[in-house]
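# Structure assessment
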Amino acid sequence: MNTLSPAPLRLASVLAAMLGAAAPAIAQHHDHAQHARQAQDTSKPEEHAHHDHGAMSEATPVAASAAPREPIPAVTAEDLAAAFPDIDHHAMQHAPAFNHKVTFNRLEAWDADEGIGQAWEGVAWFGTDTGRLWLRSEGERVGGHTESADLEALYGRSVSPWWDVVAGVRHDFKPGDARSWAAFGVQGMAPYRFEVSATAYVGEGGQVAANVEAEYTLRITNRLILQPLVEVDLAAKDDPAYGTARGFTGIETGLRLRYEVTRRFAPYVGVVHERALGDTADLRRAEGESTRDTRIVAGVRIWF
C-alpha cells in the first residue's frame, strides 16, 4: 500500500486548520444577515401601522374645514362695474405743451489776413413735439464787412420719432443783392447718431440750390465733446452774378472741441476748412479770389 509523503501530509494539515478557523466566521456572517432580515421584517408592521394612522387622520373630517359662518356673497355685475369703470381716454389726454429753445451752435472768431473774422450759426424753434416753427440763420463777417448772411423761417412737422419735414422761406441778405427762396427739406437724426439737415431752395428765375449738413457729437468725457461737421452746397444752374456755377459749389469741414462749463454754456476751439469746387472755383480764380481757406477758430456754444 502506498503511503503519503511527509510534505503532502503537512499541506493537508495546514488546509484543515485554515478551514476550521474560517468556519465560525462564515457561520457568524450568515447569522448576522439573517438577523438583519428578521429585524427588517419586524419593522414593516410598524410602518404599515404608521401609514394607516396617517390615512385615517386624513380621512377624518376636521371641524375647521366646515363651511364659514358667513358665506362670501357671489360677485355681481354691479361689483364688476364698480371695480373696473369705463375710462374716457379723451378726458385723460393733456393739451399739447408749447415749448421753445434757442441755440447758437457757433459764435466764433478768427484772425485772417483781411482782418478779424466772425461767424455765427443758430437755430430756434417754438411749438409742440409734432409741429414747430423753426428759425435758422448763419453768416460771416471779415474785416468789419458782412460777407454772407441769411435767415430761414420754416414750419416743421414730425413724421417719425427722429425726423421732421420742413417747408418755408429763406432770405439772403448777402452776398450780392438780397433775394428770397422757397425752401423745403428734412432734418433729424440718422443712424449712428448723425444729425443731418438737407434743404432744397427754389429762387427767382428757376434757380435751384441745395445744402446738406451733417455733424456728429463725440463725447470724450462727461463735459469734453468733439464735434466734426461737413457741409456741402449745390446749384442746379450757373449764377455768375452771385459767383456760383452749376454742380457742387463748395464744401466746408470743421472740427471743434468744446468744454461744457454748464450744459448751456460751452467754449470751444477748432479748425475749419472751406473750399470752392468745380466751375465755381474757376469763377473765383477769374475774380482774383482764393478758392480755399483754413483757419483756427475760437468761440462759444450757448442755448436757452
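Residues numbered from 1 in each chain as written. Predicted model: local features only at pLDDT ≥ 70, side-chain atom pairs only at ≥ 80, totals over all residues. Heavy atoms only, no water.

### Let's talk about the pattern of salt bridges
Evaluated as defined, the whole model comprises 13 salt bridges. The salt bridge involving D172 is made with R170; its shortest N-O contact spans 2.7 Å. For the residue pair D172 and R170, the accessibility class agrees, reading buried in each case. R285 is the partner of D282 in a salt bridge, and the nearest nitrogen-oxygen pair spans 2.8 Å. Taken together, the positions of D282 and R285, both in helix α4 (residues 278-286) and three residues apart, correspond to about one turn of that helix. Using a relative accessible area of 42% as the deciding quantity, one classes D282 as partly exposed. (Salt bridge = Lys/Arg side-chain N within 4 Å of Asp/Glu carboxyl O. Buried < 20%, exposed > 50% of the residue type's maximum accessible area, 1.4 Å probe, protein only. Helix = DSSP H or I, 4+ residues; strand = E, 2+ residues; numbered from the N terminus.)

### A word on the side chain of Q187
Mapped onto the elements, Q187 comes out in strand β6 (residues 179-190). If sequence neighbours within four positions are ignored, Q187 has contacts with W134, R136, W162, W163, D164, V166, V196 and S197. (Contact = heavy atoms within 4.5 Å.)

### Examining empty space enclosed by the protein
Empty space among the atoms becomes apparent when a probe as large as a water molecule is rolled across them. Within the structure shown, the criterion is met by one cavity of 30 Å³ or more. Volume-wise, the largest cavity comes out at about 80 Å³. Every residue lining the largest cavity is listed: N105, R106, E215, Q227, L229, R256, R258, Y268 and R301. Residue assignment for the lining of the largest cavity shows that the elements contributing at least two residues are β1 (99-112), β10 (224-235) and β11 (247-259). (1 Å grid on protein atoms, 1.4 Å probe; cavity = no way out; pocket = protein on both sides within 12 Å on 5 of 7 lines; lining within 4 Å. Points joined across faces, edges and corners; volume = space filled by probe spheres on them.)

### Side note on the environment of E108
Tracing the chain through its elements places E108 in strand β1. Look past the residues within four positions of E108 in its chain and what remains in contact with it is G117, Q118, A119, R256, Y268, V272, V297, A298 and G299. Looking at E108, its side chain comes within polar contact range of the side chain of Y268, at 2.6 Å. (Polar contact = N/O pair within 3.5 Å; in protein donor to acceptor, adjacent residues only side chain to side chain.)

### Focus: the nonpolar core
Judged by nonpolar contacts, V123, W125, W134, L154, V166, W181, A183, Y201 and A209 together constitute the single largest core of nine residues. Of all the elements in the fold, those that place two or more residues in this core are β2 (115-127) and β6. Among all residues touching V123, those that are not within four sequence positions of it are K101, V102, T103, N105, W134, L135 and R136. Core analysis: the next-biggest nonpolar cluster, separate from the first, contains six residues, W110, V142, V272 and V297 among them. (Core = buried A, V, L, I, M, F, W, Y, C linked by side-chain atoms within 4.5 Å.)

These figures come from the coordinates and say nothing about function on their own.
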